[in-house]
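# Structural overview for review
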Amino acid sequence: MVRVGSWVSVSGTTATDESGRIVGQGNPYAQTVQVLKNIQTALEKAGARLEDVIRTRIYVTNIGDWEHVGKAHGEVFGTIRPATSMVEVARLIDRDMLVEIEADAIVSGQ
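Reference entry: report on the structure contained in this document. (Residues numbered from 1 in each chain as written. Predicted model: local features only at pLDDT ≥ 70, side-chain atom pairs only at ≥ 80, totals over all residues. Heavy atoms only, no water.)

In this section: the pattern of salt bridges. Enumeration according to the criterion identifies six salt bridges in this entry. Salt-bridge contacts for Arg49 lead to Glu51; the nearest nitrogen and oxygen are separated by 3.8 Å. Its relative accessible area of 45% is what places Arg49 among the partly exposed residues. Between Glu75 and Lys71 there is a salt bridge, with the nearest N and O atoms lying 2.8 Å from each other. (Salt bridge = Lys/Arg side-chain N within 4 Å of Asp/Glu carboxyl O. Buried < 20%, exposed > 50% of the residue type's maximum accessible area, 1.4 Å probe, protein only.)

As a further point, take the nonpolar core. Residues Val8, Val10, Ile39, Leu43, Val99 and Ile101 are the most contacted members of the largest nonpolar core, which totals 22 residues. Of all the elements in the fold, those that place two or more residues in this core are strand 2 (7-13), helix 1 (28-45), strand 3 (53-60), helix 2 (66-77) and strand 5 (99-106). Setting aside residues no more than four positions away along its own chain, Ile39 makes contact with Val10, Thr13, Ile101 and Ala103. (Core = buried A, V, L, I, M, F, W, Y, C linked by side-chain atoms within 4.5 Å. Helix = DSSP H or I, 4+ residues; strand = E, 2+ residues; numbered from the N terminus. Contact = heavy atoms within 4.5 Å.)

Moving on to the side chain of Asp104. Along the chain, Asp104 turns up in strand 5. By relative accessible area, which is 7% here, Asp104 ends up buried. Side chain to side chain, Asp104 and Arg57 meet in a polar contact 3.0 Å long. When neighbours within four sequence positions are excluded, Asp104 is seen to be in contact with Trp7, Val8, Ser9, Asp52, Val53, Ile54, Arg55 and Arg57. (Polar contact = N/O pair within 3.5 Å; in protein donor to acceptor, adjacent residues only side chain to side chain.)

Turning our eyes to something else, we now look at helix 1. When the terminal C-alpha atoms of helix 1 are compared, their 26 Å separation across 18 residues agrees well with the 26 Å that a helix rising 1.5 Å per residue should span. Restricting attention to buried positions, one finds in helix 1 the residues Pro28, Gln31, Thr32, Gln34, Val35, Leu36, Asn38, Ile39, Ala42 and Leu43. In the core, the buried residues of helix 1 are packed alongside strand 2, strand 3, helix 2 and strand 5. The N-cap residue of helix 1 is Asn27: its side-chain oxygen and the backbone nitrogen of Tyr29 are 3.0 Å apart. (Expected span 1.5 Å × (residues − 1).)

Turning our attention to the side chain of His73. Inspection of the secondary structure assignment puts His73 in helix 2. Those residues in contact with His73 that lie beyond four places of it in its chain are Thr32, Leu36, Thr56, Ile58, Gly78, Pro82 and Thr84.

Structure, rendered in structure tokens:
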């Protein structure tokens, strides 16, 4: 995560817990939920909130999982409605990772 002025950029975030273990192995919905929790934590460390997010980029290893990933994303960002893209990639850094998300935010009131 990087913050420059009011701009916060959270780089590729995956479904890992505090000890680095993958959460929700084989489950794209559960992985997305964990990814979004990790993004929220990173944003808060930078003094930002989920409501400040203006763009997300979602990378999935199977575009057929788009509904599961989109459901979890919508549960968090449904009323915030950042610009979003989802693309399929050949694989992520660990074969068990199904989803990676980047988020950009502009901290309001800055």
